[in-house]
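# Inside the fold
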Amino acid sequence: PSPTPIPNPTANWKTYNLPDYSLKLPPTFRQDDIGGGGDHLFYNYDLSAVSARGSIPALDKGKLKIEISASNTDQNLESFENTSSSQSSLETKKINIAVDSQSAIKTITSAKNIIVYVKNPSKPFVYSIAFYLFDSCFSITNQIFNISL
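Scope of this entry: the structure provided in the associated data block. Worth saying up front: this structure is predicted, and the values here are computed from it rather than measured. Note on numbering: residues in each chain are counted from 1, in written sequence order. Side-chain atom pairs in this predicted model are given and counted only at pLDDT of 80 or more, local residue features only at pLDDT of at least 70, and totals for whole chains, interfaces and linings cover all residues. With hydrogens and water excluded, all non-hydrogen atoms of the structure serve as input to the side-chain values.

## What about the nonpolar core?
Buried residues of nine kinds, namely Ala, Val, Leu, Ile, Met, Phe, Trp, Tyr and Cys, make up a nonpolar core once their side-chain atoms join them within 4.5 Å. Using a 1.4 Å probe on the protein chains alone, a residue whose accessible area is under 20% of its type maximum counts as buried, one over 50% counts as exposed, and one in between counts as partly exposed. Among the nonpolar cores identified, the biggest contains 20 residues, and Leu23, Phe42, Ile66, Ile68 and Phe131 are the most heavily contacted of them. By definition, any uninterrupted DSSP run of H or I lasting at least four residues is a helix, any uninterrupted run of E lasting at least two residues is a strand, and each is numbered from the N terminus. Considering each element in turn, this core owes the most residues, 4 residues, to strand S9 (residues 125–133). Counting 7 residues, the second-largest nonpolar core is a separate cluster that includes Leu77, Phe80, Ile115 and Val126.

Set out below in structure tokens:
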């Protein structure tokens, strides 16, 4: 008997090719540029509807907003993350990971949001990739980490 092929869960995802990176997201996501400095926002829901009424867990299951911002810095990754985390009052857990074979730091806040910090290997930038979870979206965040720098 031949093995049953395992379907690729990201096969129908859309690839966003941006100047310094690319990433794949489910087809339900939309993209907006924010701030004019190369920062990007990706989301899978109507932002205006949620912000008008506030978050309601029963209605917001599966909603995810991703903000990617670039910071021009000569700091190493650990120093940058420490500086960024010290500005938050939320307790965070740090995990060293790799994104596209680059060292990265993943933080999970007490509010269950995830922020990943990764240094661009060819430019003096650190990218902050913030995942704002309205409900348990941890499985999709793990699949999204196919980000290419």
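## Quick notes on the packing of aromatic side chains
In this analysis, rings of Phe, Tyr and Trp, with Trp reduced to its six-membered ring, are considered paired at centre separations within 6.5 Å, and the interplanar angle assigns stacked below 30 degrees, edge-to-face beyond 60, and tilted for intermediate values. Going through the model one piece at a time under the given rule, you end up with 5 aromatic pairs. An angle of 70 degrees between the planes, with centres 5.0 Å apart, marks the rings of Tyr16 and Phe42 as edge-to-face. Residue Tyr16 is located in strand S1 (residues 14–17), and its partner Phe42 is located in strand S4 (residues 39–43); the two are separated by 26 residues in the primary sequence. The interplanar angle of 65 degrees and the centroid separation of 6.3 Å between the aromatic rings of Tyr43 and Tyr45 together place this pair among those described as edge-to-face. One exposure class covers both Tyr43 and Tyr45, and it is buried.

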